Amino acid sequence: MTIQATTATLSNMSLARRAWEIRRKAVRMGEVQGQGYVGQALGIADVLSVSYFHALAYRPDEPEWEGRDRFLLSIGHYAIALYSALIEAGILPEQELETYGTDDSRLPMSGMAAYTPGMEVTGGSLGQGLGIGVGMALGLKAKKNPAFVYNLMSDGELGEGSTWEAAMSAAHHKLDNLVCIVDFNDQQADGKSTDMLCSEPLADKWASFGWHVQRVDGNDIAALVAAFDAARNLKDAKPRVIICDTIMCKGVPFLEEREITHFVRVEADEWQKALAVLDANRPE
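Residues numbered from 1 in each chain as written. Predicted model: local features only at pLDDT ≥ 70, side-chain atom pairs only at ≥ 80, totals over all residues. Heavy atoms only, no water.

### Some remarks on the overall build of the protein chain
- When you go through the protein chain residue by residue, the secondary structure sums to eleven helices and five strands.
- What you see for the protein chain is a C-alpha radius of gyration of 18 Å, in line with the 19 Å of a compact globule of 284 residues.
- Its C-alpha atoms put the protein chain at 50 × 45 × 35 Å along the principal axes.
- At a minimum sequence separation of 6, the contacts of the protein chain that also span at least 24 residues come to 76%.
- Put simply, the protein chain shows about 11,900 Å² of open surface, and 51% of that area lies on carbon and sulfur atoms.
- Averaging the locations of the 26 positively and 39 negatively charged side chains of the protein chain gives two centres separated by 7 Å. (Helix = DSSP H or I, 4+ residues; strand = E, 2+ residues; numbered from the N terminus. Rg over C-alpha atoms; globule rule 2.2 N^0.38 Å. Contact = heavy atoms within 4.5 Å. Areas by Shrake-Rupley, 256 points an atom, 1.4 Å probe, with all protein chains shown as cover. Lys, Arg positive; Asp, Glu negative; His and termini not counted. Charge placed at Lys NZ, Arg CZ, Asp CG, Glu CD.)

Right, here's the structure in full:
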């Protein structure tokens, strides 16, 4: 069963509505613990919607199906975002949302593959995901498995040498079954990513490493669909990267305006306010 069949079975819901559902679930989980990387979750929701409800092949009731596309979360602290997508996709039951970050939960605050169905890698150490993705893509080719590997990484990981070693290896091995997605929200723990270690001109760098490069507005679903389709259907024997410029806390304006947004501070009464803002702008 492919994602197209799965989506038709679940409903005809638009990708915008799926992104809204992902945002709402992330905020609800944040409220359970009173904290969480909700800024990143709100920002990456559109990318996750297009990934899980347009691009990826998977079976919700069989998360280890050999024919699935692999989605790697290199940025382990984005787990709240991926859990929201996995719940929306039917891979995790929605009632587990209330256990987020609690003892014995399958939804720890940082993603761990041993705990959570659909979580392909443990991504706590940044800069590791793309290297793991290269290994997976090589393994799939060796087995003649046509599945794709998608690796979601942060702009902060562009400062890790291991990322560029993996990028060089992927091009050397002509891994046309590997798609890297870079969430470029220009935020790290100590400030703007471009102030910490500027990676620009980023598109030119990836191209010089032998990758097919696209850079899009990561909160524009139509642009994301076109970019994912182009990456999937490219005939060139090279890896593909989609650089997604996103806005932290997208969809909740009063949080978007916070000065420090890497780990956005949400007051106890603001979780319900954020949900109210989302509910007032629910897409069809």
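Don't stop here, the text continues.
### Description of the sheet that holds strand E2 (residues 149-154)
- With parallel pairing, five strands are arranged side by side in an open sheet as E1-E2-E3-E5-E4. Both edges of this open sheet fall to strand E1 (70-73) and strand E4 (212-217), since each of them pairs with a single strand only. On average, adjacent strands in this sheet sit at an angle of 20° to one another, irrespective of strand direction. (Pairing = 2+ DSSP bridges. Axes fitted to C-alpha atoms, helices over the stretch in contact; angles between N-to-C directions.)

### Thoughts on the environment of Leu 97
- Mapped onto the elements of the fold, Leu 97 is located in the loop between helix H4 (79-88) and helix H5 (129-142).
- Overall, Leu 97 belongs to the buried group, its relative accessible area being 0%.
- The spacing of Leu 97 and Leu 107 is ten residues in sequence and 7.9 Å in space, taken between C-alpha atoms.
- Residues within four places of Leu 97 in sequence aside, it is in contact with Lys 25, Arg 28, Met 29, Val 32, Ile 87 and Leu 107. (Buried < 20%, exposed > 50% of the residue type's maximum accessible area, 1.4 Å probe, protein only.)

### Points about the side chain of Arg 70
- Structurally, the position occupied by Arg 70 is in strand E1.
- Overall, Arg 70 belongs to the buried group, its relative accessible area being 6%.
- In this structure the side chain of Arg 70 is engaged in a polar contact, spanning 2.7 Å, whose partner is the backbone oxygen of Arg 68.
- Sequence-distant contacts of Arg 70, defined by excluding residues within four places in its chain, comprise Trp 65, Glu 120, Met 136, Leu 140, Asn 145, Ala 147, Phe 148, Val 149 and Tyr 150. (Polar contact = N/O pair within 3.5 Å; in protein donor to acceptor, adjacent residues only side chain to side chain.)

### Section: the environment of Ala 137
- The residue Ala 137 is located in helix H5 in this model.
- A sequence separation of 73 residues divides Ala 137 from Glu 64, and the C-alpha atoms of the two residues are 16 Å apart.
- The contacts of Ala 137, once residues within four sequence positions are left out, are Val 149, Leu 175, Asn 177 and Leu 178.

### Some thoughts on helix H2 (residues 15-33)
- Along its 19 residues, H2 runs 28 Å from first to last C-alpha, staying within 8% of the 27 Å computed at 1.5 Å per residue.
- Of the residues flanking the end of H2, it is Gly 34, one or two places downstream, whose phi is positive at about 75°. (Expected span 1.5 Å × (residues − 1).)

### Quick notes on the side chain of Thr 116
- Topologically, Thr 116 is positioned in the loop between H4 and H5.
- What makes Thr 116 buried here is its relative accessible area of 3%.
- Here Thr 116 is in contact with Tyr 83, Leu 86, Leu 92, Arg 106, Leu 107 and Pro 108, once residues within four sequence places are set aside.

### What to know about helix H11 (residues 270-280)
- Those residues of H11 not exposed but buried are Glu 270, Trp 271, Ala 274, Leu 275 and Leu 278. Down the axis of H11, the smallest arc covering the buried residues is 145°, so these residues share one side.
- Here the buried face of H11 lies against H2, helix H3 (38-55) and helix H10 (253-256). (Arc of directions from axis to C-beta.)

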